[in-house]
Protein chains: 2
Amino acid sequence: MFRQDAVLDLAFQALADPSRRAMVDRLAQGPASVSELAKPLAMSLPAVMQHLAVLEASGLVKSRKVGRVRTCSIEPHALSRAEHWIAERRALWERRLDRLGQFLDETKGD
Amino acid sequence: MFRQDAVLDLAFQALADPSRRAMVDRLAQGPASVSELAKPLAMSLPAVMQHLAVLEASGLVKSRKVGRVRTCSIEPHALSRAEHWIAERRALWERRLDRLGQFLDETKGD
DNA sequence: TCTATACTTAAGTAGAAACTTAAGTGATGA
DNA sequence: TCATCACTTAAGTTTCTACTTAAGTATAGA
């Protein structure tokens, strides 16, 4: 549906805010309601809802409403995608450094 | 110096933009000058400089000027920190799912 | 020395982001 | 039934972002 790129935009954008990371942090320990997520944050409930909307739009979090309570939980696949994007670039760079070091070692004796 | 949190703010914020991710992607293959980074991007050079400034402020990229050429390169530690923040939360969640599955398996026979 | 190259600085603008308050809606429990 | 709880919607404000163009500065090469 979307450019893979756009998915990462949304994920990293979502993780860029400390309140949203606090929410993800909380959810990593298990599902929580909107008010539970809001409790430690120094902001209005609508503000928390907006953060939640950003997290859901990014795919990092899903939620379901039962009765009057909305329960939120982590979507590990989306976390995984962001994590792997970084890991791949870092691995590429580090492999490069290894090859460079190996080259220097090999030519040192010449 | 900074809240660890603020470091992650800057890193994820930096990675949230596709042009900046393209720059990191390019740099993962080895150092590059500002103009090399700019070439594939459809924007003015000052715009690229501003993206570079964001990347440097986040610690993801370092640069050094020699003569009139500024050479940029990846800072793998900063990438690593962002990567691990995600990995830890995901691991926590997945361990929770495992315990839950185990619990369900164990009680299934009752 | 003169000109082109490779950035760099400054200033301005449109649109997005992160809140706020006020006013709902629909479930729950006494 | 009716107050309370748990959100939800709407609208407005302030701040930040991602650009732009125009005008520099310093180095390199002819």
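Residues numbered from 1 in each chain as written. Chains lettered and ligands numbered in written order. Predicted model: local features only at pLDDT ≥ 70, side-chain atom pairs only at ≥ 80, totals over all residues. Heavy atoms only, no water.

**A look at the sheet that holds strand E2 (residues 61–66) of chain A**
Residue and element names in this part refer to chain A.
- Taken together, the 3 strands give an open sheet; going across it, the order is E1-E3-E2, and neighbouring strands pair in antiparallel fashion. The open sheet has two edge strands with one neighbour each: strand E1 (32–33) and E2.
- Bridge count for E1 against strand E3 (residues 69–74) is 2 bridges, and the pairing is antiparallel. Looking at the pairing, serine 33 lines up with threonine 71 of E3. (Pairing = 2+ DSSP bridges. Helix = DSSP H or I, 4+ residues; strand = E, 2+ residues; numbered from the N terminus.)

**Section: the nonpolar core**
- The biggest cluster of nonpolar side chains holds 54 residues, and the ones touching the most others in it are Phe12, Leu60 and Ile86 of chain A together with Phe12, Leu60 and Ile86 of chain B.
- Here isoleucine 86 of chain A is in contact with Phe12 of chain A together with Leu15, Leu79, Ala82, Glu83 and Ile86 of chain B, once residues within four sequence places are set aside. (Core = buried A, V, L, I, M, F, W, Y, C linked by side-chain atoms within 4.5 Å. Buried < 20%, exposed > 50% of the residue type's maximum accessible area, 1.4 Å probe, protein only. Contact = heavy atoms within 4.5 Å.)

**Quick look at the packing of helix H1 (residues 4–15) of chain B against helix H5 (residues 76–108) of chain B**
Residue and element names in this part refer to chain B.
- Two elements in contact, H1 and H5, have axes separated by 10 Å at closest approach and are oriented at 100 degrees. The orientation of H1 with respect to H5, classified from their angle, is roughly perpendicular. Contact residues: Gln4, Val7, Leu8, Ala11 and Phe12 in H1; Arg81, Ala82, Trp85 and Ile86 in H5.
- Among the residues making up the contact of H1 with H5, the classes are represented as 7 nonpolar, 1 polar and 1 charged. (Axes fitted to C-alpha atoms, helices over the stretch in contact; angles between N-to-C directions. Parallel < 35°, antiparallel > 145°, perpendicular 65-115°, else oblique. Nonpolar A, V, L, I, M, F, W, Y, C, P; charged D, E, K, R; others polar.)

**Points about the packing of aromatic side chains**
- A complete count under the given rule lists 3 aromatic pairs over all chains for this structure.
- Taking the centre distance of 6.1 Å and the plane angle of 20 degrees together, the rings of phenylalanine 12 of chain A and phenylalanine 12 of chain B count as stacked. Linking phenylalanine 12 of chain A in helix H1 (residues 4–15) with phenylalanine 12 of chain B in helix H1, this pair reaches from one chain into another. Comparing phenylalanine 12 of chain A with phenylalanine 12 of chain B shows no difference in burial state: the two are buried.
- With a centroid separation of 6.2 Å and an interplanar angle of 75 degrees, the aromatic rings of phenylalanine 12 of chain B and tryptophan 85 of chain B are classed as edge-to-face. Of this pair, phenylalanine 12 of chain B sits in helix H1 while tryptophan 85 of chain B sits in helix H5, and the two are 73 residues apart along the sequence. Residue phenylalanine 12 of chain B shares its accessibility class with tryptophan 85 of chain B, and that shared class is buried.
- Three or more aromatic residues link up through ring pairs in this structure, and these residues are Phe12 and Trp85 of chain A together with Phe12 and Trp85 of chain B.
- Geometry around tryptophan 85 of chain A places arginine 21 of chain B over its ring, the cationic atom sitting 5.9 Å from the centre. (Phe/Tyr/Trp six-rings, centres within 6.5 Å; stacked < 30°, edge-to-face > 60°. Lys NZ or Arg CZ within 6 Å of the ring centre and 35° of its normal.)

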